[in-house]
Amino acid sequence: MKVAFFGTPTFAIQSLQSIIASKNHKVVCVVTQPDKPTGRGGKVQMPPVKEFAVQNNIPVLQPERISNEINILDEFAPDIIVTCAFGQLLKQNVLDYCKHGVINVHASLLPKYRGSSPIQWAIIDGETQTGVTIMQTELGLDTGDIIIMEKLDINPNETAGELFGRLADLGAKLLTKALDNIQNGTATRTPQKHELATKPPMIKKEDGKIDWSRSAAQIKNQIRGMNPWPIAFFQMGDEIIRVHRAGNVTTQIKGKVGEVITADKTGFVIQCGNGTIHIEQLQSSGGKILSYREFLNGKKIPTGTILG
């Protein structure tokens, strides 16, 4: 089949690669978000999917709203549209444009974790399992019928960034299988159980702020889910300290909420609302990511200090 691929971030590249590598399908064009200024300098950068497409000599289209410019696909005559972390809601004219409509690669076990941040929220909520769903797109947000779904275990210390990579690989594998089944007429479509749906909010920078009154296990999950962005943080005096990784948690009560219990070469242990947590990697404002030993070598923190 001729495929128009709609995607934007790095997560979508594996899915795009899988179609290119397949024998039965051809990517005729890539549709992605417009180039945007990023960082403090405001340098305009291409979306990762565009960079990959350009390197592979695939035509790239960057409409502000594809629903308003669907005719730009006319010269490519795609049989199906595949979306993967595209970043635009599609209207009915896009859903009806191709013979086989639109299918989407979504990184959760739908109907749980609909929306834009399913990988992060699965970790933040302490899930031990997630997965990928290939679904037939309809007007509702991630409400379409399930074509293929496969589960994946979440490792206990895995960060969102690490899980991103494994889910991207799984999504790529399932996508080509779904395309083959659609082409062969063997694809099944199972309606979602909408009463079980969850739609957590988009992750924001302020979601990284650590509330030490929460349990140690909850805080560890927050740290894992906020890595690689926006990174969990706490305040120490006037300084913001970012926490990239945490280790062991206990259910012990050894001090006040937010109190530094240990801060030496044996560990950096903080009292939480329920239990203690060992901080493994930290970063001062403008500094490098350091192990707790390296961090404490340069910044002495007395035991008994209460962190904000």
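Caption draft 1: Summary view of the packing of aromatic side chains. Under the definition given, this model contains three aromatic pairs. With 5.1 Å between their ring centres and 50 degrees between their planes, Phe6 and Phe86 make a pair best called tilted. Here the residue Phe6 occupies a position in strand E1 (residues 2-7), and Phe86 occupies one in the loop between strand E6 (80-84) and helix H3 (92-95), the gap between them amounting to 80 residues. Here the two residues Phe6 and Phe86 agree in accessibility, since each one is buried.

Caption draft 2: Structural detail: helix H5 (residues 160-184). Here H5 spans 35 Å end to end across 25 residues, near enough to the 36 Å set by a 1.5 Å rise per residue. One or two positions beyond H5, positive phi appears at Gly185, with a value near 75 degrees.

Caption draft 3: Inspection of helix H2 (residues 48-55) at higher detail. Inspection of H2 places Val49, Lys50, Phe52 and Ala53 among the buried residues, and these make up the whole buried set. On an axial view of H2, the arc spanned by its buried residues comes to 165 degrees, and they lie on one face. The secondary structure elements touched by the buried residues of H2 are E1, helix H1 (13-21), strand E2 (26-31) and strand E5 (60-61). In the segment just after H2, Asn57 is the residue with positive phi, at about 55 degrees.

Caption draft 4: Structural view of the packing of H1 against H5. Relative to each other, H1 and H5 sit at 35 degrees, their axes nearing to 8 Å. Regarding H1 and H5, the two cross each other, and that crossing is right-handed. Across the interface between the two elements, Gln14, Ser15, Ser18 and Ile19 from H1 touch Gly165, Ala168, Asp169, Gly171, Ala172, Leu175, Thr176 and Leu179 from H5. Within the contact of H1 with H5, the residues separate by chemical class into five nonpolar, six polar and one charged.

Caption draft 5: Looking closely at the sheet that holds E6. Pairing in this open sheet of seven strands is mixed, and the strands run E5-E2-E1-E6-E7-E8-E9 from one edge to the other. The open sheet has two free edges, formed respectively by E5 and strand E9 (146-153), since each of these has just one partner strand. Sheet analysis places strand E8 (residues 129-136) next to E9, joined by seven bridges and oriented antiparallel. Each bridged residue has a counterpart across the sheet, and for Thr133 the counterpart in E9 is Met149.

Caption draft 6: View of the pattern of salt bridges. The final tally for this structure, using the stated rule, is six salt bridges. Of the charged contacts, one joins Lys173 and Glu150 as a salt bridge, the two residues approaching to 3.1 Å between their closest N and O atoms. Note that Lys173 is positioned in helix H5 and Glu150 in strand E9, a separation of 23 residues in sequence. Its relative accessible area of 46% is what places Lys173 among the partly exposed residues.

Caption draft 7: Region of the structure containing the nonpolar core. Membership of the largest hydrophobic core comes to 69 residues, with the highest contact counts inside it found for Trp212, Phe268 and Ile277. If one sorts the elements of this core by residue count, H5 sits on top with ten residues. Grouped together as the second largest cluster of nonpolar side chains are 17 residues, Ala4, Phe6, Val31 and Cys98 included.

Here is what the cut-offs are and how they apply
- Residues numbered from 1 in each chain as written.
- Predicted model: local features only at pLDDT ≥ 70, side-chain atom pairs only at ≥ 80, totals over all residues.
- Heavy atoms only, no water.
- Phe/Tyr/Trp six-rings, centres within 6.5 Å; stacked < 30°, edge-to-face > 60°.
- Helix = DSSP H or I, 4+ residues; strand = E, 2+ residues; numbered from the N terminus.
- Buried < 20%, exposed > 50% of the residue type's maximum accessible area, 1.4 Å probe, protein only.
- Expected span 1.5 Å × (residues − 1).
- Arc of directions from axis to C-beta.
- Contact = heavy atoms within 4.5 Å.
- Axes fitted to C-alpha atoms, helices over the stretch in contact; angles between N-to-C directions.
- Left-handed = near helix turned anticlockwise from the far one by under 90°.
- Nonpolar A, V, L, I, M, F, W, Y, C, P; charged D, E, K, R; others polar.
- Pairing = 2+ DSSP bridges.
- Salt bridge = Lys/Arg side-chain N within 4 Å of Asp/Glu carboxyl O.
- Core = buried A, V, L, I, M, F, W, Y, C linked by side-chain atoms within 4.5 Å.

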